Amino acid sequence: MHEYDIVVIGAGPAGLLVAGDLAALGRSVAVVERRPTIDRRSRAFAVMPRTLEVLRQRHLSDAVVAVGHPQDRVHVPGGVRVDLSGLPTPFPYILVVPQYVVETELDRYARQSGATVLRDHEVTGIELDRDGVQVQTSRRGESGPRLGARYLVAADGAHSTVRSLLGLPFPGHTVIRSVILADVVAEGAPDGLSIGVGGDAFTFLAPYGDGRRYRAMGWDRHRQPAEDEPVTDDELRRLLERTRTDGVTIRTVEQAWRFRSDERQLRDYRQARVLFAGDAAHVHSPAGGQGMNTGIQDAANLAWKLDHVLAGAPTEVLDSYQRERHPVGRSVLRRSGAMLRLFTLPDRIGGPARAAVGAALRVPAVRRAVAAGLSGITVRYPGPGVVGRRAAMIPTAAGLMLDRQSDLHFVLVVPAGDDPGPTSEVRVLRRDDRGPAVLVRPDGYIAWAGTAADGTWRDELARWSPPPRRQRATASAVHTGH
Ligand SMILES: Cc1cc2nc3c(=O)[nH]c(=O)nc-3n(C[C@H](O)[C@H](O)[C@H](O)COP(=O)(O)OP(=O)(O)OC[C@H]3O[C@@H](n4cnc5c(N)ncnc54)[C@H](O)[C@@H]3O)c2cc1C
(Lines give C-alpha, C1' and ligand atoms only; values in the text may rest on other atoms or scores of the structure.)
Protein backbone atom coordinates (compact mmCIF):
# COMPACT_ATOMS: atom_id res chain seq x y z
CA MET A 1 0.00 0.00 0.00
CA HIS A 2 1.25 3.45 -0.86
CA GLU A 3 0.40 6.51 1.13
CA TYR A 4 -0.10 8.70 -1.96
CA ASP A 5 -1.28 8.13 -5.49
CA ILE A 6 1.33 10.58 -6.74
CA VAL A 7 4.40 12.27 -5.34
CA VAL A 8 5.54 15.28 -7.36
CA ILE A 9 9.12 16.50 -6.94
CA GLY A 10 9.45 20.25 -7.48
CA ALA A 11 6.95 23.05 -6.87
CA GLY A 12 7.78 24.99 -10.01
CA PRO A 13 5.04 25.74 -12.54
CA ALA A 14 5.07 22.23 -14.04
CA GLY A 15 4.97 20.39 -10.71
CA LEU A 16 2.27 22.59 -9.21
CA LEU A 17 -0.03 22.26 -12.22
CA VAL A 18 0.29 18.48 -12.33
CA ALA A 19 -0.32 18.33 -8.57
CA GLY A 20 -3.30 20.69 -8.74
CA ASP A 21 -4.97 18.77 -11.56
CA LEU A 22 -4.47 15.37 -9.96
CA ALA A 23 -5.73 16.60 -6.59
CA ALA A 24 -8.71 18.25 -8.31
CA LEU A 25 -9.45 14.87 -9.89
CA GLY A 26 -9.57 13.34 -6.42
CA ARG A 27 -6.07 11.82 -6.23
CA SER A 28 -3.94 11.95 -3.11
CA VAL A 29 -0.90 14.04 -4.01
CA ALA A 30 2.21 15.26 -2.18
CA VAL A 31 4.62 17.82 -3.61
CA VAL A 32 8.19 17.91 -2.26
CA GLU A 33 9.99 21.22 -2.74
CA ARG A 34 13.49 22.15 -1.62
CA ARG A 35 12.83 25.90 -1.31
CA PRO A 36 11.08 27.12 1.84
CA THR A 37 9.13 29.75 -0.13
CA ILE A 38 8.36 30.70 -3.74
CA ASP A 39 11.44 32.20 -5.40
CA ARG A 40 10.81 35.93 -5.92
CA ARG A 41 13.84 36.31 -8.18
CA SER A 42 11.75 35.60 -11.20
CA ARG A 43 13.05 33.93 -14.34
CA ALA A 44 10.17 33.68 -16.81
CA PHE A 45 8.26 36.84 -17.61
CA ALA A 46 6.43 35.95 -20.85
CA VAL A 47 3.24 33.93 -20.48
CA MET A 48 1.91 32.80 -23.83
CA PRO A 49 -1.74 32.69 -24.97
CA ARG A 50 -2.08 28.90 -24.81
CA THR A 51 -0.79 28.90 -21.23
CA LEU A 52 -3.34 31.57 -20.34
CA GLU A 53 -6.02 29.32 -21.83
CA VAL A 54 -4.81 26.43 -19.65
CA LEU A 55 -4.96 28.72 -16.61
CA ARG A 56 -8.45 29.93 -17.59
CA GLN A 57 -9.74 26.36 -17.85
CA ARG A 58 -8.79 26.11 -14.15
CA HIS A 59 -10.18 29.58 -13.21
CA LEU A 60 -6.65 30.89 -12.60
CA SER A 61 -6.17 33.32 -15.48
CA ASP A 62 -8.03 36.33 -14.03
CA ALA A 63 -5.65 36.66 -11.09
CA VAL A 64 -2.56 36.39 -13.33
CA VAL A 65 -3.87 38.75 -16.03
CA ALA A 66 -4.90 41.28 -13.34
CA VAL A 67 -1.26 41.88 -12.35
CA GLY A 68 0.38 41.27 -15.75
CA HIS A 69 0.85 43.52 -18.75
CA PRO A 70 -0.54 42.34 -22.09
CA GLN A 71 1.82 43.04 -25.00
CA ASP A 72 0.50 42.26 -28.45
CA ARG A 73 3.57 43.41 -30.39
CA VAL A 74 7.11 42.12 -30.69
CA HIS A 75 9.52 44.52 -32.42
CA VAL A 76 12.26 42.65 -34.24
CA PRO A 77 15.37 44.25 -35.79
CA GLY A 78 14.79 45.90 -39.16
CA GLY A 79 11.68 47.79 -38.09
CA VAL A 80 9.40 44.74 -38.39
CA ARG A 81 6.61 44.11 -35.89
CA VAL A 82 5.10 40.72 -35.12
CA ASP A 83 1.51 41.32 -34.05
CA LEU A 84 -0.42 38.84 -31.90
CA SER A 85 -3.64 40.84 -31.72
CA GLY A 86 -5.40 38.85 -34.46
CA LEU A 87 -4.81 35.41 -32.97
CA PRO A 88 -7.94 33.29 -32.41
CA THR A 89 -7.77 33.09 -28.62
CA PRO A 90 -9.32 35.01 -25.73
CA PHE A 91 -5.73 36.12 -24.95
CA PRO A 92 -4.27 37.59 -28.20
CA TYR A 93 -1.11 38.84 -26.51
CA ILE A 94 1.97 37.86 -24.52
CA LEU A 95 1.40 38.58 -20.85
CA VAL A 96 4.46 40.09 -19.19
CA VAL A 97 4.30 38.96 -15.59
CA PRO A 98 6.92 37.58 -13.20
CA GLN A 99 7.09 33.80 -12.90
CA TYR A 100 6.40 33.97 -9.15
CA VAL A 101 2.92 35.36 -9.85
CA VAL A 102 2.09 32.28 -11.93
CA GLU A 103 3.65 30.03 -9.28
CA THR A 104 1.68 31.72 -6.49
CA GLU A 105 -1.61 31.02 -8.30
CA LEU A 106 -0.61 27.45 -9.11
CA ASP A 107 0.46 26.87 -5.51
CA ARG A 108 -2.94 28.08 -4.33
CA TYR A 109 -4.64 25.84 -6.92
CA ALA A 110 -2.66 22.78 -5.78
CA ARG A 111 -3.39 23.37 -2.08
CA GLN A 112 -7.05 24.25 -2.55
CA SER A 113 -7.51 21.15 -4.69
CA GLY A 114 -6.17 19.10 -1.78
CA ALA A 115 -2.48 18.48 -2.55
CA THR A 116 0.00 18.48 0.35
CA VAL A 117 2.87 20.82 -0.49
CA LEU A 118 5.95 20.02 1.61
CA ARG A 119 8.28 23.00 1.25
CA ASP A 120 11.76 23.07 2.75
CA HIS A 121 12.04 19.35 2.02
CA GLU A 122 14.54 17.87 -0.38
CA VAL A 123 14.46 14.56 -2.19
CA THR A 124 17.62 12.58 -1.52
CA GLY A 125 16.74 9.06 -2.59
CA ILE A 126 14.31 7.09 -4.72
CA GLU A 127 13.52 3.39 -4.76
CA LEU A 128 11.34 1.87 -7.44
CA ASP A 129 9.32 -1.13 -6.36
CA ARG A 130 7.01 -3.34 -8.40
CA ASP A 131 3.92 -1.24 -7.98
CA GLY A 132 5.22 2.12 -6.89
CA VAL A 133 7.98 4.40 -5.75
CA GLN A 134 9.50 5.23 -2.36
CA VAL A 135 10.87 8.74 -1.96
CA GLN A 136 13.37 9.63 0.78
CA THR A 137 13.37 13.26 1.84
CA SER A 138 15.58 15.36 4.07
CA ARG A 139 14.94 18.64 5.83
CA ARG A 140 17.78 21.01 6.72
CA GLY A 141 20.29 18.19 6.75
CA GLU A 142 18.12 15.88 8.89
CA SER A 143 16.31 12.86 7.58
CA GLY A 144 12.73 13.77 6.56
CA PRO A 145 9.63 11.68 5.89
CA ARG A 146 9.72 8.74 3.49
CA LEU A 147 6.81 8.93 1.05
CA GLY A 148 5.32 6.05 -0.89
CA ALA A 149 3.39 6.63 -4.12
CA ARG A 150 2.11 4.67 -7.06
CA TYR A 151 3.65 7.17 -9.49
CA LEU A 152 6.26 9.88 -9.24
CA VAL A 153 6.34 13.04 -11.33
CA ALA A 154 9.82 14.53 -11.60
CA ALA A 155 9.30 18.26 -12.15
CA ASP A 156 12.49 19.19 -10.33
CA GLY A 157 13.94 21.46 -12.95
CA ALA A 158 17.00 21.64 -15.17
CA HIS A 159 19.31 20.07 -12.56
CA SER A 160 16.82 17.33 -11.72
CA THR A 161 17.84 15.23 -8.72
CA VAL A 162 15.50 12.46 -9.89
CA ARG A 163 17.27 12.31 -13.25
CA SER A 164 20.63 12.02 -11.48
CA LEU A 165 19.38 9.43 -8.97
CA LEU A 166 18.14 7.28 -11.86
CA GLY A 167 21.43 7.81 -13.74
CA LEU A 168 19.70 9.19 -16.83
CA PRO A 169 21.76 11.16 -19.36
CA PHE A 170 20.51 14.62 -20.36
CA PRO A 171 22.02 14.92 -23.81
CA GLY A 172 22.83 18.35 -25.23
CA HIS A 173 25.22 21.20 -24.59
CA THR A 174 25.62 24.75 -23.31
CA VAL A 175 24.54 27.21 -26.00
CA ILE A 176 25.12 30.59 -24.43
CA ARG A 177 27.07 31.95 -21.45
CA SER A 178 27.16 35.15 -19.51
CA VAL A 179 23.75 36.49 -20.52
CA ILE A 180 22.70 39.48 -18.45
CA LEU A 181 19.22 39.52 -16.96
CA ALA A 182 18.10 42.73 -15.25
CA ASP A 183 15.18 44.78 -14.04
CA VAL A 184 15.68 48.39 -15.13
CA VAL A 185 13.99 51.77 -15.21
CA ALA A 186 14.33 53.10 -18.76
CA GLU A 187 13.11 55.85 -21.06
CA GLY A 188 12.39 55.94 -24.77
CA ALA A 189 11.78 52.22 -25.24
CA PRO A 190 9.23 51.21 -27.89
CA ASP A 191 5.81 50.01 -26.90
CA GLY A 192 5.76 46.19 -26.73
CA LEU A 193 8.53 43.65 -26.55
CA SER A 194 11.64 44.62 -28.49
CA ILE A 195 14.87 43.02 -29.63
CA GLY A 196 18.03 44.87 -30.64
CA VAL A 197 20.91 43.17 -32.44
CA GLY A 198 24.24 44.57 -33.62
CA GLY A 199 27.97 44.85 -32.93
CA ASP A 200 28.10 41.14 -32.04
CA ALA A 201 25.62 41.68 -29.22
CA PHE A 202 21.90 41.60 -28.54
CA THR A 203 19.45 43.11 -26.07
CA PHE A 204 15.83 42.43 -25.30
CA LEU A 205 13.34 44.61 -23.42
CA ALA A 206 9.94 43.63 -22.03
CA PRO A 207 7.85 46.38 -20.42
CA TYR A 208 6.36 45.72 -17.01
CA GLY A 209 3.56 48.04 -18.14
CA ASP A 210 3.98 51.09 -15.88
CA GLY A 211 5.84 53.03 -18.61
CA ARG A 212 9.10 52.96 -16.63
CA ARG A 213 10.20 49.47 -15.62
CA TYR A 214 11.48 46.82 -17.98
CA ARG A 215 12.86 43.31 -17.82
CA ALA A 216 16.11 43.53 -19.81
CA MET A 217 18.35 40.87 -21.26
CA GLY A 218 21.70 41.42 -22.93
CA TRP A 219 24.66 39.53 -24.32
CA ASP A 220 28.02 40.56 -25.76
CA ARG A 221 30.19 38.20 -27.82
CA HIS A 222 33.30 40.14 -26.80
CA ARG A 223 32.61 40.22 -23.09
CA GLN A 224 31.89 36.89 -21.43
CA PRO A 225 32.76 37.13 -17.73
CA ALA A 226 32.06 34.32 -15.26
CA GLU A 227 28.43 34.06 -14.23
CA ASP A 228 29.18 35.24 -10.68
CA GLU A 229 30.84 38.49 -11.81
CA PRO A 230 28.55 41.40 -10.92
CA VAL A 231 26.85 43.29 -13.75
CA THR A 232 27.67 47.00 -13.87
CA ASP A 233 25.13 49.66 -14.86
CA ASP A 234 27.58 51.00 -17.46
CA GLU A 235 27.99 47.62 -19.07
CA LEU A 236 24.23 47.37 -19.58
CA ARG A 237 23.97 50.96 -20.85
CA ARG A 238 26.73 50.42 -23.41
CA LEU A 239 25.11 47.21 -24.59
CA LEU A 240 21.82 49.00 -25.24
CA GLU A 241 23.57 51.82 -27.13
CA ARG A 242 25.39 49.31 -29.32
CA THR A 243 22.40 47.18 -30.20
CA ARG A 244 19.61 49.68 -30.72
CA THR A 245 18.67 52.71 -32.71
CA ASP A 246 15.45 53.49 -30.84
CA GLY A 247 17.22 55.84 -28.40
CA VAL A 248 16.27 53.94 -25.24
CA THR A 249 18.25 54.99 -22.17
CA ILE A 250 18.54 53.32 -18.80
CA ARG A 251 17.93 55.45 -15.71
CA THR A 252 18.36 52.85 -12.98
CA VAL A 253 19.36 49.21 -12.80
CA GLU A 254 17.31 47.69 -9.97
CA GLN A 255 18.83 44.22 -10.03
CA ALA A 256 20.98 42.30 -12.49
CA TRP A 257 22.71 38.95 -12.73
CA ARG A 258 24.19 36.60 -15.34
CA PHE A 259 23.17 33.14 -16.44
CA ARG A 260 24.01 30.51 -19.00
CA SER A 261 21.67 28.30 -21.00
CA ASP A 262 21.85 24.73 -22.19
CA GLU A 263 19.89 22.97 -24.89
CA ARG A 264 19.13 19.45 -23.63
CA GLN A 265 16.31 16.93 -23.86
CA LEU A 266 15.69 13.66 -22.06
CA ARG A 267 15.26 10.76 -24.48
CA ASP A 268 12.38 9.10 -22.60
CA TYR A 269 10.02 11.23 -20.51
CA ARG A 270 8.82 8.05 -18.78
CA GLN A 271 10.90 5.57 -16.81
CA ALA A 272 8.52 2.89 -15.49
CA ARG A 273 6.56 4.73 -12.76
CA VAL A 274 8.53 7.97 -13.00
CA LEU A 275 7.40 10.69 -15.41
CA PHE A 276 9.45 13.76 -16.22
CA ALA A 277 7.89 17.15 -16.95
CA GLY A 278 9.09 20.71 -17.55
CA ASP A 279 12.77 21.65 -17.32
CA ALA A 280 13.58 18.22 -15.87
CA ALA A 281 12.74 16.86 -19.35
CA HIS A 282 13.92 19.68 -21.63
CA VAL A 283 15.88 22.91 -21.35
CA HIS A 284 16.75 25.63 -23.84
CA SER A 285 17.63 29.30 -23.84
CA PRO A 286 14.99 31.90 -22.93
CA ALA A 287 14.86 33.01 -26.60
CA GLY A 288 11.19 32.82 -27.57
CA GLY A 289 10.03 32.64 -23.92
CA GLN A 290 8.91 29.01 -24.09
CA GLY A 291 10.36 27.10 -21.09
CA MET A 292 7.74 27.64 -18.44
CA ASN A 293 4.99 27.63 -21.06
CA THR A 294 6.10 24.24 -22.39
CA GLY A 295 6.38 22.81 -18.86
CA ILE A 296 2.82 23.88 -18.04
CA GLN A 297 1.59 22.20 -21.24
CA ASP A 298 3.50 19.01 -20.32
CA ALA A 299 1.74 19.03 -16.97
CA ALA A 300 -1.72 19.56 -18.48
CA ASN A 301 -1.09 16.69 -20.91
CA LEU A 302 0.14 14.34 -18.20
CA ALA A 303 -2.14 14.84 -15.19
CA TRP A 304 -5.42 13.45 -16.57
CA LYS A 305 -3.58 10.51 -18.15
CA LEU A 306 -2.11 9.57 -14.77
CA ASP A 307 -5.56 9.89 -13.25
CA HIS A 308 -7.02 7.52 -15.85
CA VAL A 309 -4.21 4.99 -15.40
CA LEU A 310 -4.64 5.13 -11.62
CA ALA A 311 -8.33 4.38 -12.22
CA GLY A 312 -7.37 1.29 -14.20
CA ALA A 313 -6.84 2.48 -17.79
CA PRO A 314 -4.05 0.61 -19.63
CA THR A 315 -0.56 1.98 -18.94
CA GLU A 316 -0.21 2.56 -22.71
CA VAL A 317 -2.16 5.75 -22.01
CA LEU A 318 1.05 7.05 -20.43
CA ASP A 319 3.01 6.19 -23.58
CA SER A 320 0.99 8.86 -25.36
CA TYR A 321 2.61 11.42 -23.04
CA GLN A 322 6.00 10.63 -24.57
CA ARG A 323 4.53 10.35 -28.08
CA GLU A 324 2.85 13.74 -27.84
CA ARG A 325 5.10 15.86 -25.67
CA HIS A 326 8.58 14.72 -26.71
CA PRO A 327 8.18 16.03 -30.30
CA VAL A 328 6.77 19.31 -28.95
CA GLY A 329 9.82 19.65 -26.69
CA ARG A 330 12.14 18.87 -29.61
CA SER A 331 10.51 21.48 -31.80
CA VAL A 332 10.66 24.10 -29.02
CA LEU A 333 14.39 23.41 -28.65
CA ARG A 334 14.87 23.72 -32.40
CA ARG A 335 12.94 26.99 -32.73
CA SER A 336 14.38 28.60 -29.63
CA GLY A 337 17.87 27.51 -30.74
CA ALA A 338 17.38 28.99 -34.21
CA MET A 339 16.21 32.27 -32.70
CA LEU A 340 19.15 32.40 -30.33
CA ARG A 341 21.65 31.71 -33.12
CA LEU A 342 20.11 34.42 -35.24
CA PHE A 343 20.77 36.92 -32.44
CA THR A 344 24.24 35.67 -31.54
CA LEU A 345 25.88 34.85 -34.89
CA PRO A 346 28.88 37.10 -35.54
CA ASP A 347 27.79 40.14 -37.58
CA ARG A 348 29.72 38.90 -40.63
CA ILE A 349 27.39 35.88 -41.05
CA GLY A 350 24.56 36.96 -38.79
CA GLY A 351 24.00 40.27 -40.61
CA PRO A 352 22.91 38.64 -43.91
CA ALA A 353 20.96 35.92 -42.05
CA ARG A 354 19.08 38.54 -40.03
CA ALA A 355 18.42 40.58 -43.17
CA ALA A 356 16.95 37.48 -44.86
CA VAL A 357 14.71 36.75 -41.87
CA GLY A 358 13.72 40.43 -41.73
CA ALA A 359 12.71 40.25 -45.41
CA ALA A 360 10.67 37.09 -44.80
CA LEU A 361 8.93 38.79 -41.87
CA ARG A 362 7.70 41.54 -44.19
CA VAL A 363 5.31 38.93 -45.61
CA PRO A 364 2.11 39.12 -43.50
CA ALA A 365 1.51 35.34 -43.65
CA VAL A 366 5.01 34.70 -42.26
CA ARG A 367 4.44 37.20 -39.46
CA ARG A 368 1.11 35.55 -38.63
CA ALA A 369 2.76 32.11 -38.56
CA VAL A 370 5.51 33.38 -36.24
CA ALA A 371 2.94 34.97 -33.91
CA ALA A 372 0.89 31.75 -33.82
CA GLY A 373 4.02 29.65 -33.22
CA LEU A 374 5.08 31.82 -30.26
CA SER A 375 1.59 31.70 -28.77
CA GLY A 376 1.42 27.92 -28.40
CA ILE A 377 -2.06 27.70 -29.95
CA THR A 378 -0.81 25.84 -33.01
CA VAL A 379 0.61 22.92 -31.02
CA ARG A 380 -1.22 19.82 -32.13
CA TYR A 381 -0.90 16.13 -31.45
CA PRO A 382 -0.83 13.36 -34.06
CA GLY A 383 -4.18 12.49 -35.64
CA PRO A 384 -6.16 12.80 -38.85
CA GLY A 385 -8.02 16.01 -39.76
CA VAL A 386 -8.98 18.05 -36.72
CA VAL A 387 -7.99 15.26 -34.31
CA GLY A 388 -5.12 16.45 -32.14
CA ARG A 389 -6.04 20.14 -32.47
CA ARG A 390 -7.04 22.32 -29.56
CA ALA A 391 -10.78 22.70 -29.01
CA ALA A 392 -10.70 25.89 -26.93
CA MET A 393 -12.49 28.13 -29.42
CA ILE A 394 -15.30 25.78 -30.43
CA PRO A 395 -18.54 27.66 -29.65
CA THR A 396 -21.10 25.68 -27.70
CA ALA A 397 -24.61 26.65 -26.68
CA ALA A 398 -23.14 27.21 -23.19
CA GLY A 399 -20.15 29.33 -24.29
CA LEU A 400 -16.62 28.65 -25.48
CA MET A 401 -15.42 25.08 -25.11
CA LEU A 402 -12.47 26.45 -23.11
CA ASP A 403 -14.88 27.43 -20.35
CA ARG A 404 -16.80 24.17 -20.32
CA GLN A 405 -14.11 21.78 -19.11
CA SER A 406 -12.91 22.96 -15.73
CA ASP A 407 -13.78 19.52 -14.32
CA LEU A 408 -10.98 17.99 -16.49
CA HIS A 409 -13.22 15.31 -18.00
CA PHE A 410 -13.94 14.25 -21.59
CA VAL A 411 -16.77 16.15 -23.30
CA LEU A 412 -18.68 15.22 -26.45
CA VAL A 413 -19.67 18.27 -28.50
CA VAL A 414 -22.36 17.60 -31.10
CA PRO A 415 -23.86 19.81 -33.80
CA ALA A 416 -27.61 20.27 -34.15
CA GLY A 417 -29.21 17.19 -35.68
CA ASP A 418 -26.50 14.73 -34.61
CA ASP A 419 -27.96 12.75 -31.69
CA PRO A 420 -25.51 10.52 -29.80
CA GLY A 421 -28.36 8.68 -28.05
CA PRO A 422 -28.32 7.98 -24.30
CA THR A 423 -24.82 8.61 -22.96
CA SER A 424 -23.76 8.16 -19.38
CA GLU A 425 -20.00 8.15 -20.06
CA VAL A 426 -19.44 11.79 -21.00
CA ARG A 427 -21.06 15.15 -20.74
CA VAL A 428 -22.66 16.19 -24.04
CA LEU A 429 -22.72 19.80 -25.23
CA ARG A 430 -24.44 21.29 -28.25
CA ARG A 431 -22.05 22.70 -30.84
CA ASP A 432 -23.01 26.19 -31.94
CA ASP A 433 -21.40 26.23 -35.38
CA ARG A 434 -21.33 23.97 -38.42
CA GLY A 435 -18.39 21.79 -37.40
CA PRO A 436 -18.52 18.01 -36.85
CA ALA A 437 -19.13 16.24 -33.56
CA VAL A 438 -15.91 16.10 -31.54
CA LEU A 439 -14.81 14.24 -28.45
CA VAL A 440 -12.61 16.59 -26.44
CA ARG A 441 -9.98 15.29 -24.03
CA PRO A 442 -9.62 16.73 -20.53
CA ASP A 443 -6.62 18.79 -21.69
CA GLY A 444 -8.74 20.45 -24.35
CA TYR A 445 -7.48 18.60 -27.45
CA ILE A 446 -9.74 16.79 -29.90
CA ALA A 447 -9.56 12.99 -29.55
CA TRP A 448 -12.12 12.06 -32.19
CA ALA A 449 -14.25 13.80 -34.83
CA GLY A 450 -17.18 12.47 -36.88
CA THR A 451 -20.88 11.78 -36.53
CA ALA A 452 -21.86 11.23 -32.92
CA ALA A 453 -24.91 9.14 -33.84
CA ASP A 454 -22.74 6.29 -35.20
CA GLY A 455 -21.16 5.81 -31.76
CA THR A 456 -17.55 5.42 -32.92
CA TRP A 457 -16.49 8.07 -30.41
CA ARG A 458 -17.08 5.38 -27.76
CA ASP A 459 -14.16 3.32 -29.11
CA GLU A 460 -11.90 6.34 -28.80
CA LEU A 461 -13.10 7.08 -25.28
CA ALA A 462 -12.54 3.44 -24.30
CA ARG A 463 -8.90 3.63 -25.46
CA TRP A 464 -8.20 6.19 -22.72
CA SER A 465 -10.47 4.84 -20.03
CA PRO A 466 -10.50 2.26 -17.26
CA PRO A 467 -12.39 -1.02 -17.87
CA PRO A 468 -15.56 -0.15 -15.88
CA ARG A 469 -16.10 2.75 -18.21
CA ARG A 470 -15.34 0.47 -21.16
CA GLN A 471 -18.05 -1.91 -19.92
CA ARG A 472 -20.47 0.93 -19.43
CA ALA A 473 -19.67 2.20 -22.91
CA THR A 474 -20.39 -1.23 -24.41
CA ALA A 475 -23.65 -1.53 -22.49
CA SER A 476 -24.64 1.92 -23.61
CA ALA A 477 -23.69 1.14 -27.21
CA VAL A 478 -25.88 -1.99 -27.11
CA HIS A 479 -28.64 -0.02 -25.49
CA THR A 480 -28.56 2.56 -28.26
CA GLY A 481 -28.51 -0.10 -30.92
CA HIS A 482 -24.96 0.42 -32.27
C1 LIG B 1 16.48 34.25 -17.61
C2 LIG B 1 15.37 33.34 -17.89
C3 LIG B 1 14.23 33.83 -18.49
C4 LIG B 1 13.19 32.98 -18.80
N5 LIG B 1 12.10 33.48 -19.40
C6 LIG B 1 11.08 32.66 -19.71
C7 LIG B 1 9.88 33.18 -20.28
O8 LIG B 1 9.76 34.38 -20.50
N9 LIG B 1 8.88 32.32 -20.55
C10 LIG B 1 8.99 30.98 -20.28
O11 LIG B 1 8.05 30.23 -20.58
N12 LIG B 1 10.09 30.47 -19.70
C13 LIG B 1 11.13 31.27 -19.41
N14 LIG B 1 12.23 30.77 -18.77
C15 LIG B 1 12.27 29.34 -18.39
C16 LIG B 1 11.48 29.04 -17.12
O17 LIG B 1 11.95 29.80 -16.05
C18 LIG B 1 11.60 27.55 -16.81
O19 LIG B 1 11.37 26.82 -17.99
C20 LIG B 1 10.57 27.11 -15.74
O21 LIG B 1 10.87 27.64 -14.48
C22 LIG B 1 10.57 25.59 -15.64
O23 LIG B 1 9.57 25.20 -14.74
P24 LIG B 1 9.67 23.79 -14.02
O25 LIG B 1 8.47 23.71 -13.15
O26 LIG B 1 9.90 22.73 -15.01
O27 LIG B 1 11.02 23.85 -13.16
P28 LIG B 1 11.51 24.89 -12.07
O29 LIG B 1 10.78 26.16 -12.15
O30 LIG B 1 12.99 24.92 -12.18
O31 LIG B 1 11.10 24.19 -10.71
C32 LIG B 1 11.75 23.06 -10.22
C33 LIG B 1 11.63 23.03 -8.72
O34 LIG B 1 12.17 21.82 -8.22
C35 LIG B 1 12.82 22.08 -7.00
N36 LIG B 1 13.80 21.02 -6.75
C37 LIG B 1 14.90 20.72 -7.46
N38 LIG B 1 15.53 19.66 -6.93
C39 LIG B 1 14.82 19.28 -5.85
C40 LIG B 1 14.98 18.25 -4.89
N41 LIG B 1 15.99 17.39 -4.91
N42 LIG B 1 14.06 18.14 -3.90
C43 LIG B 1 13.01 19.00 -3.86
N44 LIG B 1 12.81 20.01 -4.75
C45 LIG B 1 13.71 20.14 -5.73
C46 LIG B 1 13.45 23.44 -7.23
O47 LIG B 1 13.73 24.10 -6.00
C48 LIG B 1 12.39 24.16 -8.05
O49 LIG B 1 11.53 24.94 -7.27
C50 LIG B 1 13.30 31.60 -18.47
C51 LIG B 1 14.44 31.11 -17.83
C52 LIG B 1 15.47 31.97 -17.55
C53 LIG B 1 16.69 31.43 -16.88
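Presented here is a report on the structure given in the accompanying data block. All values derive from a computational prediction rather than experimental measurement.

## Here's the deal with the side chain of Glu 263
- Within the secondary structure, Glu 263 is located in strand β16 (residues 249-265).
- In terms of polar contacts, Glu 263 uses its side chain to reach the side chain of Arg 341, at 3.3 Å.
- If near-sequence neighbours (up to four positions away) are discounted, Glu 263 is found in contact with Pro 171, Gly 172, His 173, Val 175, Val 283, His 284, Leu 333, Gly 337 and Arg 341.

## Let's talk about the packing of helix α1 (residues 13-24) against helix α4 (residues 99-113)
- Across the interface, α1 lies against α4 with an axial gap of 8 Å and an inter-helix angle of 25 degrees. Judged by the inter-axis angle, α1 sits roughly parallel to α4. In the packing of α1 onto α4, the handedness of the crossing is left-handed. The segment α1 lies against α4, with Pro 13, Leu 16, Leu 17, Ala 19, Gly 20, Asp 21, Ala 23 and Ala 24 engaging Gln 99, Glu 103, Leu 106, Asp 107, Tyr 109, Ala 110 and Ser 113.
- Looking at the contact of α1 with α4 residue by residue, the classes come out as nine nonpolar, three polar and three charged.

## Describing the site of the ligand
- Near the ligand you find 30 residues, and of these Glu 33, Gln 99, Thr 161, Asp 279 and Met 292 are the closest.
- The backbone of Ala 14 places a nitrogen or oxygen atom 3.0 Å from an oxygen atom of the ligand.
- In this structure, Gly 289 approaches the ligand through a main-chain N or O atom, which is 3.3 Å from an oxygen atom.
- Contact with the protein chains covers 92% of the free accessible surface of the ligand, which is 1000 Å².
- Mapped onto the shell around the ligand, the elements with two or more residues apiece are α1, β2 (29-33), β9 (122-129) and α7 (291-310).
- In terms of residue count, α7 provides more of the shell around the ligand than any other element does, three residues in total.
- For the shell around the ligand, the per-class residue count stands at twelve nonpolar, eleven polar and seven charged.

The rules behind these values
Residue numbers run consecutively from 1 along every chain, following the written order of its sequence. Reporting in this predicted model follows two pLDDT cut-offs: at least 70 for local features of residues, and 80 or more for side-chain atom pairs to be given and counted; totals over whole chains, interfaces and linings ignore these cut-offs and use all residues. Working from all heavy atoms in the structure, the side-chain values ignore hydrogens and water. Strands are runs of DSSP state E lasting at least 2 residues, helices are runs of H or I lasting at least 4, and numbering of each runs from the N terminus. Within 3.5 Å is the distance limit for a polar contact, defined as a pair of N or O atoms, with the added protein rule that one can donate a hydrogen and the other accept it, and that residues adjacent in sequence qualify only through two side-chain atoms. Throughout, a residue-residue contact means that at least one pair of heavy atoms, one from each residue, lies within 4.5 Å. Only the contacting stretch of a helix is used when fitting its axis, a line to C-alpha atoms as for every element, and angles between N-to-C directions run 0 to 180 degrees. Note on terminology: angles under 35 degrees are roughly parallel, angles over 145 are roughly antiparallel, angles of 65 to 115 are roughly perpendicular, and the others are oblique. The hand of a helix crossing depends on one turn: near helix anticlockwise from the far one by less than a right angle means left-handed, and clockwise means right-handed. Residues were grouped as follows: Ala, Val, Leu, Ile, Met, Phe, Trp, Tyr, Cys and Pro as nonpolar; Asp, Glu, Lys and Arg as charged; and all remaining residues, including Gly, as polar. Residue proximity to a molecule or strand is established when one non-hydrogen atom of the residue lies within 4 Å of it. Computed with a 1.4 Å probe, the accessible areas rest on the Shrake-Rupley method; for each residue, only the protein chains presented here act as cover.

In short, geometric facts, not functional conclusions.
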